[in-house]
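A closer look at the structure
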Amino acid sequence: MPLPALAPVQRWAPELLLRAQQVRVAFFDVDGVLTDGGLYFTEYAPADPRMGGETIKRFNTLDGHGLRLLQRAGIEPAIVTGRDSRPLRARLAALGIAHAHFGTEDKLPAAEATLAALGLGWHQASAMGDDWPDLPLLRRAAFACAPSGAHAEVAAVAHHVSIAAAGHGAVRECCDLLLAATGRYDALLQDYSR
């Protein structure tokens with residue numbers, strides 16, 4: 001006897017779903033969005049003793065799976081971050097994220113280059129950030145998200161502030177909302193309910 005289909009338990013406000021319906025690219029910051037915002041350094045970096053330590057990053061597997069689900073749904077995840085590190089590059093490579101801009105404080109030109117490369121406009125973009133450098137993207141995107149704990153000015157312009165904290169499923173929450181808005185959430189859930 002086949003198992004019954006799973007009914008989604010998440011519910012989103014209709015105005016959020018409507019706002020995010022046309023999204024085809026999702027921009028994400030890293031520190032304070034994909035991570036908890038803490039910067040971890042080891043005591044010594046053998047490759048460059050002047051650095052005082054290697055960067056350590058902690059990523060959440062829920063967030064990673066959400067980014068993969070976006071890709072399956074035809075929504076391109078893109079990273080625009082003010083920092084760069086080997087752990088970050090390794091994580092993005094493992095997730096197959098092709099569009100990433102590292103070490104950029106002025107995030108708008110990087111995001112616009114990605115939009116141009118994909119042939120998309122801001123009306124087809126979402127963005128998730130936590131601090132002032134993310135504001136230019138959040139203010140232009142059709143759908144703006146912020147993790148709980150984001151700076152007050154960022155939370156004020158976001159259409160959705162996650163319940164989950166940064167680095168603890170906030171990105172997945174945004175991904176799930178985008179999947180629901182674009183009508184792909186239910187079908188993807190059924191793929192895992194067999």
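This write-up is about the structure you can find in this document. Nothing here was measured: the structure is a model prediction, and the numbers come from that model.

**Focus on the overall build of the protein**
- Tallying secondary structure elements over the protein gives eight helices and eight strands in all.
- In terms of principal-axis extent, the alpha carbons of the protein reach across some 60 × 40 × 30 Å.
- Looking at the protein alone, contacts between residues at least 24 apart form 59% of all its contacts between residues at least 6 apart.
- One finds the centroid of the 18 positive side-chain charges in the protein at a distance of 6 Å from the centroid of its 21 negative side-chain charges.

**Re the packing of helix α2 (residues 61-72) against helix α3 (residues 86-95)**
- Two numbers describe how α2 lies on α3: the axes approach to 10 Å, and their chain directions differ by 45 degrees. With respect to α3, the axis of α2 lies oblique. Handedness of the crossing formed by α2 with α3: right-handed. Contacts between α2 and α3 pair Thr61, Gly64, Leu67, Arg68 and Gln71 from the former with Arg91, Ala94 and Leu95 from the latter.
- For the contact of α2 with α3, the per-class residue count stands at three nonpolar, three polar and two charged.

**A look at the sheet that holds strand β6 (residues 125-128)**
- Taken together, six strands build an open sheet; the order of strands is β5-β4-β1-β6-β7-β8 and the sheet is parallel. The open sheet is flanked by β5 (99-101) and β8 (160-165), the only strands paired with a single partner. The sheet shows a mean angle of 20 degrees between the axes of neighbouring strands, direction not considered.
- Bridge count between strand β1 (residues 25-28) and β6: four bridges; the pairing is parallel. Of the residues in β6, the one forming a bridge with Ala26 is Ser126.

**Some thoughts on the packing of α2 against helix α7 (residues 170-181)**
- At their nearest, the axes of α2 and α7 sit 7 Å apart, and the two run at 25 degrees to each other. In terms of orientation, α2 lies roughly parallel with respect to α7. Relative to α7, α2 is oriented so that their crossing is left-handed. Here α2 contributes Leu62, Asp63, His65, Gly66, Leu67, Leu69 and Leu70 to the contact with α7, which in turn contributes Ala170, Val171, Arg172, Cys175, Leu178 and Leu179.

**Digging into the nonpolar core**
- Counting residues in each nonpolar core, the largest one holds 33 residues, and the members touching the most others are Phe28, Leu67, Leu70, Met128, Phe143, Val171 and Leu178.
- If you list the elements that add at least two residues to this core, you get α1 (14-20), β1, α2, α3, β7 (143-148), α7 and α8 (185-191).
- Residues Ala78, Leu115, Trp122 and Ala146 belong to the second largest nonpolar core, which totals 20 residues.

**A closer look at the pairing of β7**
- Burial analysis of β7 places five of its six residues in the buried class, which makes it a mostly covered element.
- In this structure, β6 lies alongside β7, joined through three bridges in parallel fashion. Note that in β7 the partner of Ala127 across the bridge is Ala144.
- Traced from β6 through helix α5 (residues 135-140) to β7, the parallel crossover comes out right-handed.
- As defined by bridge partners, β7 adjoins β8 across three bridges and the pair is classed as parallel. Note that in β8 the partner of Ser148 across the bridge is Ala165.
- Crossover connection from β7 via helix α6 (residues 152-157) to parallel β8: handedness right-handed.

Conventions adopted
Residues numbered from 1 in each chain as written. Predicted model: local features only at pLDDT ≥ 70, side-chain atom pairs only at ≥ 80, totals over all residues. Heavy atoms only, no water. Helix = DSSP H or I, 4+ residues; strand = E, 2+ residues; numbered from the N terminus. Contact = heavy atoms within 4.5 Å. Lys, Arg positive; Asp, Glu negative; His and termini not counted. Charge placed at Lys NZ, Arg CZ, Asp CG, Glu CD. Axes fitted to C-alpha atoms, helices over the stretch in contact; angles between N-to-C directions. Parallel < 35°, antiparallel > 145°, perpendicular 65-115°, else oblique. Left-handed = near helix turned anticlockwise from the far one by under 90°. Nonpolar A, V, L, I, M, F, W, Y, C, P; charged D, E, K, R; others polar. Pairing = 2+ DSSP bridges. Core = buried A, V, L, I, M, F, W, Y, C linked by side-chain atoms within 4.5 Å. Buried < 20%, exposed > 50% of the residue type's maximum accessible area, 1.4 Å probe, protein only. Right-handed = clockwise from strand over helix to strand, strands pointing away.

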